[in-house]
Amino acid sequence: MEPSQVAIIGSGLIGRSWAMVFAAGGLKVKLYDIAQEQLTSALENIRKQMKELKESGFLKGALSVEQQLALISVCTDLKAAVEGATFIQECTPENLELKKKIFGQLDLIVGDNVILSSSTSCLLPSKLFTGLKHVKQCIVSHPVNPPYFVPLVEIVPHPETDPSTTERTYALMKKIGQSPVKLNREIEGFVLNRLQYAVISEAWRLVGEGVISPTDLDLVMSDGLGMRYAFIGPLETMHLNAEGISNYCERYREGMKLVLNTFGPVPEFSGEIEQKINQAMSEKIPSVPKVLDARRKWRDDCLTGLAKLKKEM
Ligand code: NAD
């Protein structure tokens, strides 16, 4: 059965973004938080964002701002929040004990047809859900910030998750316009962060060894690799950069192995290299809230433009 009503637990940065994504998809959303002021600020923020999106032509979905806002209600009572919902997206702070407590509470009140989904960035499903009565209905749906413009969702099952839970979650994400990917089993960092950390760690080593400056390192990605990665992944890149994958391997396998064998150990991400990178980044973007926020706004505007371009291609 397709859900028509979802509950979101936690109305911070990610919770409010999910609320907008689900409402754009035409679903009724109940937003729950322990703090009433968080809910008030979430609603204000959602209204403001939707209006801006409408003005700039980027509002998602077939419904108007008012229709989407009318789908979202808020609540500080957990039982009332999940009443009638067939999909629950947990978005509380990244704290294992807190999330376990919340899933423990939800386990006691939900029926057998409700999906319990977590937004966690790095807690493994086996840590979050083991021992729950409804473990078959539990899953991680890891979004990327900001989910409104970066559609990827990593769907990560617990070893005991029923395949139908994975399929229903996948179908729901598709329905609301996100881009879900299924992991066949849990793994530390899921896939997105494993790829991200591989890049970060080599970036750190190259700057640390003085091969390149921090700002030039970032340019290698933003004006180089990243340009194509917004459209094709690393495997398709291999396929297109030769006459197919086998031809790429034939041509470049030894060269790739030679380079990869020169990669160093996992960096400490501290000390002198940290100071050097911090200094360079802070010269470019001073670490004060106003400047950081302005730069985040610029980043989100770029992502909005990119999302539009991708849609048109
Ligand atoms: P946040 O701190 O902005 O929001 C957390 C919200 O949870 C707050 O509104 C807080 O009041 C509420 N909360 C705290 N305890 C609660 C409880 N017991 N019951 C209900 N609500 C409670 O955090 P966030 O950045 O939105 O992150 C939420 C989750 O999403 C985390 O697991 C995080 O790892 C994941 N995530 C974050 C990002 C990101 O970039 N921020 C990206 C992907 C996934």
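Residues numbered from 1 in each chain as written. Predicted model: local features only at pLDDT ≥ 70, side-chain atom pairs only at ≥ 80, totals over all residues. Heavy atoms only, no water.

Digging into the domain arrangement of the protein
Okay, step 1: Taken domain by domain, the protein consists of domain 1 (5-182), domain 2 (191-230 + 268-313) and domain 3 (232-266).
Okay, step 2: Taking only C-alpha atoms, the centre of domain 1 and the centre of domain 3 are 38 Å apart. (Domains from an automatic or database assignment.)

Regarding the site of the ligand
Okay, step 1: With respect to spatial proximity, 23 residues lie near the ligand, and among them Asp33, Gln38, Glu94, Lys99 and Ser121 are the closest.
Okay, step 2: With respect to the ligand, the side chain of Asp33 contributes an N or O atom lying 2.7 Å from an oxygen atom.
Okay, step 3: Separating an oxygen atom of the ligand from a side-chain N or O atom of Ser121 is a distance of 2.7 Å.
Okay, step 4: With the chains in place, 78% of the 850 Å² that the ligand exposes on its own is no longer accessible.
Okay, step 5: Elements with a contribution of two residues or more to the shell around the ligand: α1 (13-24), α5 (96-109) and β6 (138-143). (Near = heavy atom within 4 Å. Polar contact = N/O pair within 3.5 Å; in protein donor to acceptor, adjacent residues only side chain to side chain. Areas by Shrake-Rupley, 256 points an atom, 1.4 Å probe, with all protein chains shown as cover. Helix = DSSP H or I, 4+ residues; strand = E, 2+ residues; numbered from the N terminus.)

Description of the pattern of salt bridges
Okay, step 1: If you walk through the whole model with that rule in mind, you get 11 salt bridges.
Okay, step 2: For Arg47, the salt bridge identified is with Glu66, shortest N-O distance 3.8 Å. Remark: Glu66 occurs in helix α3 (residues 65-71) and Arg47 occurs in helix α2 (residues 36-55); sequence separation between them is 19 residues.
Okay, step 3: In this structure, Lys297 engages Asp301 in a salt bridge whose closest nitrogen and oxygen atoms are separated by 3.0 Å. With a gap of 4 residues between them, Lys297 and Asp301 both fall in helix α13 (residues 289-312), about one helical turn apart.
Okay, step 4: Lys297 gets classed as partly exposed once you look at its relative accessible area, which sits at 47%.
Okay, step 5: Residue Asp301 is classed as partly exposed on the basis of its relative accessible area of 43%. (Salt bridge = Lys/Arg side-chain N within 4 Å of Asp/Glu carboxyl O. Buried < 20%, exposed > 50% of the residue type's maximum accessible area, 1.4 Å probe, protein only.)

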